[in-house]
Amino acid sequence: MPGSTASEGEHDVYLFGEVVLPVCSPRLLRDSARPRRTPDNLRHHCLLQQRKLVAPFKKSLVSPHSYFLFQSDASRRKPEVGGFLVWLQAEALAAQ
């Protein structure tokens, strides 16, 4: 879990990290004239031309990016903000 990025008077709550993987249309995956042997080969293709997407490689990467909720000192004292934070953390945990 990354360290705090909050400014003075703010508090941050880590929600979740990010895992990324390349996706493309099934049509591109079947195109033998333009093979995709490595993820780097995908940079020469338009990947999002169809609504249905497939993962051409099994490997995913953990991104250095994460998602946080930032709260001011004033918002931390509001019960509705606390309730929202509890709900949001439960949703983030359930999605993992």
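One structure accompanies this document, and this report is about it.

Calculation rules
Residues numbered from 1 in each chain as written. Predicted model: local features only at pLDDT ≥ 70, side-chain atom pairs only at ≥ 80, totals over all residues. Heavy atoms only, no water. Helix = DSSP H or I, 4+ residues; strand = E, 2+ residues; numbered from the N terminus. Contact = heavy atoms within 4.5 Å. Core = buried A, V, L, I, M, F, W, Y, C linked by side-chain atoms within 4.5 Å. Buried < 20%, exposed > 50% of the residue type's maximum accessible area, 1.4 Å probe, protein only.

## Quick word on the environment of V20
Residue placement: V20 occurs in strand β1 (residues 10–20). Separated by 40 residues in sequence, V20 and S60 place their C-alpha atoms 5.6 Å apart. If near-sequence neighbours (up to four positions away) are discounted, V20 is found in contact with S60, L61 and S63.

## Section: the nonpolar core
Core analysis: the largest hydrophobic core is formed by six residues, namely V13, L15, L69, L85, L88 and A92. Counting residues per element, the ones that place at least two in this core are β1 and α3 (79–94). For this core, the leading source of residues is α3, giving three residues. In this view, L69 contacts H11, D12, V13, L15, F84, L85 and L88; residues no more than four positions away in its chain are not counted.

## Description of the environment of L85
Looking at where L85 falls in the secondary structure, it is placed in helix α3. For L85, a relative accessible area of 12% gives the class buried. Considering only alpha carbons, one finds L85 and L15, 70 residues apart in sequence, at a separation of 9.6 Å. Setting aside anything within four residues of it in sequence, one finds L85 in contact with V13, L69 and Q71.

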